[in-house]
Amino acid sequence: MPVNLTANAISAINAGDVNSKPVVQVLDIKLIGTTQERFRLTLSDSESTQQAMLATQLNDRVKTGRVRKTSVIQLIEYICSTVQNRKIIVVLNMETIIPECEIIGNPKVIVESNLGAQKTISNGASGSANLGNNGNLSAQRSGQANFANIKNLSAQNSGNSMQNYPPAIQPAYQPPPNYKSHGAIMKNEAPARIIPIAALNPYQGRWAIKARVTAKGDLRRYNNSRGDGKVFSFDLLDSDGGEIRVTCFNAVVDRFYDKIEAGKMYMISKGSLKPAQKNFNHLKNEWEIFLETTSTVDLCPDEDASIPRQQFSFRPICEIESAENNSIIDVIGIVTAVNPSVPILRKNGMETQRRILNLKDQSGRSIELTLWGDFCNREGQNLQELAEAGFSPVLVVKAAKVSDFTGKSIGTISSTQLFINPDSAEAQTLREWFDQGGKDIASQSISRDNRPVGSKNETRRTVFQIKDEGLGRSEKPDWVTVKANITFIKTDTFCYTACPLMIGDRQCNKKVTRSVNSRWQCDRCNQEFEECDYRYLLQAQIQDHTGLTWVTTFQESGEEIFGCPAKELYMLKYAEADDTRFSEIIRNCLFTQYLFRLKIKEEFYGDEQRVKITVVKAEKVNHSAESRYLIDLISKFRLS
């Protein structure tokens, strides 16, 4: 049975046709790409051939043999893009008509001259040489001159022994007659076609995607050699399960940051695609969209149930034990323990909050989850209240980062999302397992214990032991607990004026100064404002029965010691000049016994290297709890 391919299909597609659904033949298939498999095809309409790229969601058609060399296929969805002055057909959807057959017709390769006129090259060597000369002539002269040159060239070669035929010229694709009177069609006036996220690639000139925002990142500010800037990102999910990250910088942030809302659907077009930065982008897509000033983001008013609100790829806790360090995963588990939130001092001097939870699942393993920053006060506080009320909630963690420090654990990052008791089949299955006996099944932890016996983090130390054991002089800081009294506080510089502006999810806190117009000015944010913030930066001496040492106290631990904000104490001393009340607050702190959680780290001050001791947390001694601790300590000595 003879097979008829769609005549002039290649020329029609190159001229802009995307609706005819032509029947073509696959002449060649090549695997390209390193980070992600992609297949390049050579398509034929029996007269002309053209290079094409296969969308990645169709890769299985080639791998399973449904599409191979000499297959006859019908293009269902496709577009044509220009890449480096070459036109490439991107196949988004297709059907196999005949899996394998003989090559149909005598197809020739279409090439384009500098002026865009299309020519054909025959497979013969002499024909190719003649076409090269004719192509240059045709690009410079009108149709009549072109024809004359072709005749002259043919006459010059008539003496050759080989019979010479004039080269075949592929006629340019013409639109149907009923469109002729409408004038020239502008190339980019028609709306871009909606395509799946999985089909996005840099070969496409015009595209549009319809997707739901599953996560919106915080606005972050940065400073580099090109100056200050701001950036934010959001993640998209479409009805086919394709995910991709969208990033906006500077002026584009002003256009879209307030417009984008998590959970809503948008039509997005006219962005550029660049390789995804896998250090910061966990989505399974090799590309990332960067919006520009010409990009469009339109809210879809009607809800589309075919686009899910979230997509997960859960890993059982037992499999996390073999996961790579710093990999990003999705986890679902039952919260079995919630520790209090504690302040932590980062390497850059900024303070943040940390809260540690424990998760278990049906795999017989449990794991530590560390919440950082605002997660401690939002979802973390909610989880703590549920745990204190006797409930063990189901927690879904999307985009958790794996750590292999002393065992495997997971932690939150800026793109992490937490879902407490979600309405999903996985959560329902886990809840039923836990309620029907799973809560009584012991789980083996793949993380370090929260309170390891004998560790420097939890074992008490005296002031003398800090120096005697050389704490803080290793590469990483030491964390110890010391029971001591405050014996002296420097009151001349107990706090500083700080910038109140927010940078992403945290306050700037940079020291600010008065400007010439009596307003506060921040050099980091390059802004002025009427009111500043006041933060503790306290130098104090602590003493126990073995000796004394200097410590530095920051905001949260300063409030724990004084029992009031730094601003209130500042106003007493400088604005109200109430020295009596100020002195009373200071005296009440002296010779009061605290449990100090200390961070000890060796740092450079100029050319001198000194050990710096920072108070991370200060709790007044609870004598009942302290007595139980001492009794337990005595019993351990007896057993040993």
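As a reminder, the structure under discussion sits directly above these lines.
Quick caveat, the model's predicted, so the values are computed rather than measured. (Residues numbered from 1 in each chain as written. Predicted model: local features only at pLDDT ≥ 70, side-chain atom pairs only at ≥ 80, totals over all residues. Heavy atoms only, no water.)

**Some details on the overall build of the protein**
Right, on to step 1. Along the backbone of the protein there are 14 helices and 35 strands.
Right, on to step 2. Classification of the 640 residues of the protein by burial places 41% in the buried group.
Right, on to step 3. Nonlocal contacts in the protein, meaning residues at least 24 apart in sequence, comprise 61% of its contacts between residues at least 6 apart. (Helix = DSSP H or I, 4+ residues; strand = E, 2+ residues; numbered from the N terminus. Buried < 20%, exposed > 50% of the residue type's maximum accessible area, 1.4 Å probe, protein only. Contact = heavy atoms within 4.5 Å.)

**A closer look at the nonpolar core**
Right, on to step 1. Counting residues in each nonpolar core, the largest one holds 42 residues, and the members touching the most others are Ile489, Phe562, Leu569, Phe596 and Leu598.
Right, on to step 2. It is strand β24 (residues 478-489) that contributes the most residues to this core, five residues altogether.
Right, on to step 3. With 29 residues, the next largest nonpolar core counts Ile79, Cys248, Val252 and Val253 among its residues. (Core = buried A, V, L, I, M, F, W, Y, C linked by side-chain atoms within 4.5 Å.)

**Considerations on the sheet that holds strand β32 (residues 538-544)**
Right, on to step 1. The strand order β24-β32-β33-β35-β34 describes a closed barrel built from five strands, whose pairing is mixed. If you compare each strand with its neighbour and ignore which way they point, the axes differ by 60° on average.
Right, on to step 2. For β32 and strand β33 (residues 547-553), the ladder comprises seven bridges, and the chain directions are antiparallel. Residue pairing across strands places Gln543 opposite Leu548, the latter belonging to β33.
Right, on to step 3. Packing of helix α11 (residues 555-562) onto the sheet brings it into contact with β24, β32, β33, β34 (593-605) and β35 (608-620), and relative to β35 it is tilted by some 50°. (Pairing = 2+ DSSP bridges. Axes fitted to C-alpha atoms, helices over the stretch in contact; angles between N-to-C directions.)

**Let's talk about the pattern of salt bridges**
Right, on to step 1. For the structure shown, the criterion picks out 22 salt bridges.
Right, on to step 2. Measuring nitrogen to oxygen at the nearest pair gives 2.6 Å for the salt bridge that ties Asp254 to Lys230. Of the two residues, Asp254 sits in helix α5 (residues 251-256) while Lys230 sits in strand β10 (residues 227-237), which places them 24 residues apart along the sequence.
Right, on to step 3. In the salt-bridge network here, residues are joined through shared partners; they are Arg212, Glu303 and Arg309. (Salt bridge = Lys/Arg side-chain N within 4 Å of Asp/Glu carboxyl O.)

**A word on the packing of helix α12 (residues 566-575) against helix α13 (residues 579-589)**
Right, on to step 1. The contact between α12 and α13 brings their axes to 8 Å, and the two run at 140°. The orientation of α12 with respect to α13, classified from their angle, is oblique. Where α12 crosses over α13, the two elements pack in a sense that is left-handed. When α12 is examined against α13, the residues Leu569, Leu572 and Lys573 are found in contact with a partner set consisting of Asp579, Arg581, Phe582 and Ile585. (Parallel < 35°, antiparallel > 145°, perpendicular 65-115°, else oblique. Left-handed = near helix turned anticlockwise from the far one by under 90°.)

**Side note on the sheet that holds strand β28 (residues 513-514)**
Right, on to step 1. Ordered by their spatial adjacency, three strands build an open sheet running β28-β29-β30, and the pairing between neighbours is antiparallel. Among the strands making up the open sheet, the edge pair consists of β28 and β30 (527-529).

**Thoughts on the packing of aromatic side chains**
Right, on to step 1. Taken as a whole and assessed by the stated rule, the structure comprises 13 aromatic pairs.
Right, on to step 2. Each ring, one from Phe312 and one from Phe314, has its centre 5.1 Å from the other, and the planes form 10°; the classification is stacked.
Right, on to step 3. On the accessibility criterion, Phe314 (24% relative accessible area) is partly exposed.
Right, on to step 4. Between the aromatic rings of Phe494 and Phe582, the centroid separation amounts to 5.6 Å while the plane-to-plane angle is 45°, which identifies the pairing as tilted. Of this pair, Phe494 sits in the loop between β24 and β25 (495-498) while Phe582 sits in helix α13, and the two are 88 residues apart along the sequence. (Phe/Tyr/Trp six-rings, centres within 6.5 Å; stacked < 30°, edge-to-face > 60°.)

**What about the side chain of Asp330?**
Right, on to step 1. Checked against the element boundaries, Asp330 lands in strand β16 (residues 328-338).
Right, on to step 2. Side-chain polar atoms of Asp330 contact the backbone nitrogen of Ser313, separated by 3.0 Å. (Polar contact = N/O pair within 3.5 Å; in protein donor to acceptor, adjacent residues only side chain to side chain.)

**A closer look at helix α9 (residues 425-435)**
Right, on to step 1. Taken together, the buried positions of α9 are Ala427, Leu430 and Phe434. One side of α9 holds all its buried residues, which, seen down the axis, span an arc of 65°.
Right, on to step 2. Against β16, β18 (351-360) and β20 (394-403) lie the buried residues of α9. (Arc of directions from axis to C-beta.)

**Section: the pairing of β32**
Right, on to step 1. For β32, the tally of buried residues reaches five of seven residues, placing the bulk of the element in the interior.
Right, on to step 2. Here β24 pairs with β32 via four bridges, running antiparallel. Across the sheet, residue Ile489 finds its bridge partner in β32, namely Ala540.
Right, on to step 3. Following β32, the chain reverses through two residues before pairing antiparallel with β33.

**Let's talk about the side chain of Glu379**
Right, on to step 1. Mapping Glu379 onto the fold places it in helix α8 (residues 379-388).
Right, on to step 2. When residues no more than four places from it in sequence are discounted, the contact partners of Glu379 are Leu418 and Ile420.

**Overview of unusual backbone geometry**
Right, on to step 1. Here the phi dihedral of Lys21 falls at roughly 50°; this positive angle occurs in a residue that is not glycine.
Right, on to step 2. Among the secondary structure elements, Lys21 is positioned in the loop between α1 (9-14) and β1 (23-32).
Right, on to step 3. Given the relative accessible area of 40%, Lys21 is considered partly exposed.
Right, on to step 4. Residue Asn326 is not a glycine yet carries a positive backbone phi of 70°.
Right, on to step 5. With respect to the helices and strands, Asn326 occurs in the loop between α6 (317-320) and β16.
Right, on to step 6. Judged by relative accessible area, which is 46%, Asn326 ranks as partly exposed.

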